[in-house]
Amino acid sequence: MIKIGILVLSDRASSGVYEDKSGVEIEKILDSYIKNEKSFYYELIPDEYDLIIEKLSYLVDEVKCDLIFTTGGTGPALRDVTPEATQAVCDKMLPGFGELMRAKSLEYVPTAILSRQSAGIKGKSLIINLPGNPKAIRECIEPIFPAIPYCIDLIGGAYIENNEEVISVFRPKKK
C-alpha cells in the first residue's frame, strides 16, 4: 500500500470561491502511473505558513505518507510560502526536482522562471511542491516521476511499482 498525501494550498479554493482541480489532477496522474494499491490523503487549506508546516508534519509523522505533493503557493506573490514551509519541515532538500520542473515548464511559458517548486525529504517521506495550475502539474510530474520510486527506495519508503504502459522509471540494475 502506497500512502500519498495531496496538500492543496489556495486561499480562494479553501474559502469556496472556486472548486479545486489541481488535487484531482495529481490523483488522476498518479492513478495512471502507479500500479500498487494506493491510499490518498487530501487536504485543501489556505496559504498559511504555520498551517502548511502543521499539515506536512501530520502527513509525514502521523499518516506516514511515502509521497506528498503540494500544489500551489510556489510563485513570487507575498502569500506564496509553500517552498519556505517545505524547507522548514524537511531534513534534506533535493533541488534537482525543482530545477527539472522549471526547465520543462520553460518549454511552455517564459514565466516558469518565477516558479519556486522544490522537493525535500522528512523521515521516510518525499515531499514535492508543484504549481497550482492543472496543466502545469502534468507537465511537471511527467519528467520527475522516473526518479521518484528510486528516491523513495533510498529513504526506506514503500516500493512503488510503476505502470510500464504509461511511464518508465529508473532503478539501478542490481549486481
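Residues numbered from 1 in each chain as written. Predicted model: local features only at pLDDT ≥ 70, side-chain atom pairs only at ≥ 80, totals over all residues. Heavy atoms only, no water.

Caption draft 1: Region of interest: helix α6 (residues 134-144). Residues of α6 that are buried: A136, I137, E139, C140, I141 and I144. The secondary structure elements touched by the buried residues of α6 are α2 (22-33), β3 (67-71), α5 (95-105), β6 (125-130) and α7 (148-154). By the N-cap criterion, in which a side-chain oxygen at the helix start approaches the backbone nitrogen of a residue two or three places on, α6 is capped by N133, the distance to K135 being 2.8 Å. (Buried < 20%, exposed > 50% of the residue type's maximum accessible area, 1.4 Å probe, protein only. Helix = DSSP H or I, 4+ residues; strand = E, 2+ residues; numbered from the N terminus. Contact = heavy atoms within 4.5 Å. Polar contact = N/O pair within 3.5 Å; in protein donor to acceptor, adjacent residues only side chain to side chain.)

Caption draft 2: Spatial organisation of the side chain of S125. Considering the arrangement of structural elements, one finds S125 in strand β6. Among the residues examined, S125 registers a relative accessible area of 2% and is labelled buried. S125 has contacts with V60, C65, D66, I68, G120 and I155, leaving out every residue within four places of it along the chain.

Caption draft 3: Structural context of the pattern of salt bridges. The full count for this structure, using the stated rule, is eleven salt bridges. Note that D11 and R79 form a salt bridge whose closest N and O atoms lie 2.7 Å from each other. Of the two residues, D11 sits in helix α1 (residues 11-14) while R79 sits in the loop between β3 and α4 (82-89), which places them 68 residues apart along the sequence. Exposure remark for R79: the relative accessible area of 38% places this residue in the partly exposed category. Among the ionic pairs, E48 bridges to R79, the shortest N-O distance being 2.9 Å. On the criterion of sequence distance, the pair formed by E48 in the loop between β2 (38-45) and α3 (49-61) and R79 in the loop between β3 and α4 is long-range, its members being 31 residues apart. Judged by relative accessible area, which is 37%, E48 ranks as partly exposed. (Salt bridge = Lys/Arg side-chain N within 4 Å of Asp/Glu carboxyl O.)

Caption draft 4: Local environment of the UniProt feature "domain: MoaB/Mog" (unreviewed entry) in the protein. UniProt's entry tags residues 5-151 with the feature "domain: MoaB/Mog" (unreviewed entry), counted in the numbering of this structure. As annotated, residues 5-151 has a helix share of 43% and a strand share of 20%, and its two end C-alpha atoms lie 16 Å apart. (UniProt positions renumbered as here; feature names shortened; annotations may be inferred.)

Caption draft 5: Representation of α5. Of the positions making up α5, those classed as buried are F97, G98, M101 and S105. Within α5, the buried residues cover an arc of 95 degrees as seen down the axis, which keeps them to one side. Opposite its buried face, α5 presents the exposed residues P95 and E99, each directed more than 90 degrees away. (Arc of directions from axis to C-beta.)

Caption draft 6: Up close: the nonpolar core. Residues F69, L126, I128, L130, I141, F145 and I148 are the most contacted members of the largest nonpolar core, which totals 29 residues. Those elements that place two or more of their residues in this core are β1 (2-9), α2, β3, α5, β5 (119-122), β6, α6 and α7. (Core = buried A, V, L, I, M, F, W, Y, C linked by side-chain atoms within 4.5 Å.)

Caption draft 7: Focus on the pairing of β6. Of all six residues in β6, six are buried; the element is thus mostly enclosed. Side chains of β6 alternate between two faces, with S125, I127 and N129 and L126, I128 and L130 buried alike. Examined bridge by bridge, β3 and β6 share five bridges and lie parallel to one another. Across the sheet, the residue bridging to T71 is L130, located in β6. Note: β5 against β6, four bridges, orientation antiparallel. The residue bridging K122 from the neighbouring strand is S125, located in β6. (Pairing = 2+ DSSP bridges.)

Caption draft 8: How the structure looks around the sheet that holds strand β4 (residues 92-93). On the basis of which strands lie adjacent, the open sheet formed by six strands has the order β2-β1-β3-β6-β5-β4 and mixed pairing. The sheet terminates laterally at β2 and β4, the two strands that pair on one side only. Pairing geometry for β4 and β5, over two bridges, is antiparallel. Following the sheet pairing, M93 is matched in β5 by G120. Sheet strands in contact with α6 are β3 and β6, and its direction is about 140 degrees off that of β6. (Axes fitted to C-alpha atoms, helices over the stretch in contact; angles between N-to-C directions.)

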